[in-house]
Amino acid sequence: MSDLVCVQADDFSLADEYQRLRNINAQVGAVVTFCGLVRDFESSAGEPKSKKLVNYLTLQHYPGMTETLLDDIVMQAKARWDLVAVTVIHRIGNLAPNDQIVFVGVASEHRKAAFDAAQFLMDYLKTKATFWKKLTAEGSEQWLDAKSSDSDAAAKWSEDSHD
Amino acid sequence: MINLLFFGRLGDLAKDAPTCIASLESDATPLGIRQMMKADHPELSKALSEPQVLVSVNKMIVKWDQPLFEGDELAFLPPVTGG
C-alpha cells in the first residue's frame, strides 16, 4: 500500500513526506505537495474587515470516522486520476499561528494529474472530513463556521466532467 | 444502551446532556432523541435542529429517521471545518 492517511497531534516534516512520495518507485515523474498553516489573523463571519489576532486553533475530530472518510477521499482521487501514491496528514489538538496543520502530497507520472488531484483532495477534505476548528483569539473562544467558498470549491468537482 | 457523541459547538452545548441512553425504545430514532432533549436541554435541541447538522450511526451518515438499535453509537455533527 503506497498511500498514507494519518490524523496526528505531532508535527510532520515536509522534506520527509516529499522523499517518501519521490522514492515510491521510478514511475513517479511529478510530486505535488500542499501544506496548510495556521494564520495569525482570522476574520469573524460576516465581518471580513474586523480581524482578530489568533492565539491558537484547537482541532477536534471524530476518531475512526475521519480516517474512513479520508481513505474514501483518497480512493475517489485514485479512481479519477492516474496516481502512483497519495499522502494526507491532518493534525489535531492545539496549534499556534504558523504551525503546519495539513499536508496533501500526490505522486504521479505526469504533473497535471498530481496538480488536479492535490486540489481535489484539499477541496474534499475541507468539506467532507470530520474535523472542527475552535479559534481562541484575543482571549475569547469561538467555533469556526464552514465557509461557503469551500463548499463551492468542492461542488465544482462533481459538476466537472471526467478529465 | 446507545452512546451519544456531540462534536464542535454542539459539544459545548451538550456539557450537561446525557452521554448515553440506557433503555432504548423499540422505535427510537435520532429525531426522537433530539425531540426528547427539548425539555431538559432546549438550547442543545435547538442547535441540533439546524438544517446543516448531520447525524451518524456507527460512524456512517444516516437520515434522522434511521431506526436505532442496542449498542449503536449516535453522533451529532455540525458543519465540518478542517483543512
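About the thresholds
- Residues numbered from 1 in each chain as written.
- Chains lettered and ligands numbered in written order.
- Predicted model: local features only at pLDDT ≥ 70, side-chain atom pairs only at ≥ 80, totals over all residues.
- Heavy atoms only, no water.
- Helix = DSSP H or I, 4+ residues; strand = E, 2+ residues; numbered from the N terminus.
- Rg over C-alpha atoms; globule rule 2.2 N^0.38 Å.
- Buried < 20%, exposed > 50% of the residue type's maximum accessible area, 1.4 Å probe, protein only.
- Contact = heavy atoms within 4.5 Å.
- Axes fitted to C-alpha atoms, helices over the stretch in contact; angles between N-to-C directions.
- Parallel < 35°, antiparallel > 145°, perpendicular 65-115°, else oblique.
- Left-handed = near helix turned anticlockwise from the far one by under 90°.
- Nonpolar A, V, L, I, M, F, W, Y, C, P; charged D, E, K, R; others polar.
- Salt bridge = Lys/Arg side-chain N within 4 Å of Asp/Glu carboxyl O.
- Phe/Tyr/Trp six-rings, centres within 6.5 Å; stacked < 30°, edge-to-face > 60°.

Visitor: Pulling in residues and values, what's your account of the overall build of chain B?
Guide: Each helix and strand in chain B was counted, giving 3 helices and 5 strands. Going from the N terminus to the C terminus, chain B shows its helices and strands as β-α-β-α-α-β-β-β. Relative to the 2.2 N^0.38 estimate, which gives 12 Å for 83 residues, the radius of gyration of chain B is 12 Å and therefore close to what a compact globule would have. Principal-axis analysis of the C-alpha atoms gives chain B an extent of 35 × 25 × 20 Å. Looking at chain B residue by residue over its 83 residues, the buried ones come to 45%. Across chain B, the fraction of contacts at a sequence separation of at least 24, relative to all contacts at a separation of at least 6, is 56%.

Visitor: Can you lay out the side chain of Ser45 of chain B for me, pointing to particular residues and giving the numbers?
Guide: All names here are of chain B. Structurally, Ser45 is set in helix H3 (residues 42-48). When its relative accessible area of 4% is taken as the criterion, Ser45 is described as buried. If we ignore the near neighbours within four places in the chain, the residues touching Ser45 are Arg34, Met37 and Lys38.

Visitor: So what's going on with the packing of helix H2 (residues 65-80) of chain A against helix H3 (residues 111-128) of chain A? Which residues, and what values?
Guide: Residue and element names in this part refer to chain A. The interhelical angle for the contact between H2 and H3, taken along N-to-C directions, is 150°, at an axis separation of 10 Å. If you check the angle between H2 and H3, you find them roughly antiparallel. Seen from above, H2 lies across H3 with right-handed handedness. Residues Leu69, Leu70, Ile73, Val74, Gln76, Ala77 and Arg80 of H2 form the contact with H3, whose participating residues are Phe120, Leu121, Tyr124, Leu125 and Lys128. When grouped by side-chain class, the residues that make up the contact of H2 with H3 number 9 nonpolar, 1 polar and 2 charged.

Visitor: Provide a residue-level description of the pattern of salt bridges, including the pertinent values.
Guide: Considering all chains together, one arrives at 8 salt bridges over all chains under this definition. Of the charged contacts in the structure, one is a salt bridge between Glu141 of chain A and Lys134 of chain A, with a shortest N-O distance of 3.1 Å. Looking at Lys134 of chain A, the relative accessible area reads 12%, which means it is buried. Taken together, the shared-partner salt bridges in this structure form one network comprising Lys134 and Glu141 of chain A together with Asp12 and Lys15 of chain B.

Visitor: For unusual backbone geometry, give the residues involved together with the corresponding values.
Guide: Residue and element names in this part refer to chain B. Its identity as a non-glycine residue notwithstanding, Asn58 has a phi of 50°, on the positive side. Secondary-structure assignment places Asn58 in the loop between strand S3 (54-57) and strand S4 (60-62). In the Ramachandran plot, Lys59 falls in the positive-phi region, its phi being about 70° despite a non-glycine side chain. Along the chain, Lys59 turns up in the loop between S3 and S4. Residue class for Lys59 comes out partly exposed when judged on its relative accessible area of 31%.

Visitor: Pulling in residues and values, what's your account of the packing of aromatic side chains?
Guide: All names here are of chain A. What the rule picks out here adds up to 9 aromatic pairs over all chains. On the numbers, 5.5 Å between centres and 85° between planes, the contact of Trp81 with Trp157 is edge-to-face. With Trp81 in the loop between H2 and strand S5 (83-91) and Trp157 in helix H4 (residues 148-159), this residue pair connects regions lying 76 residues apart in the sequence. By relative accessible area, which is 5% here, Trp81 ends up buried.

What is shown is where atoms sit, not what they do.
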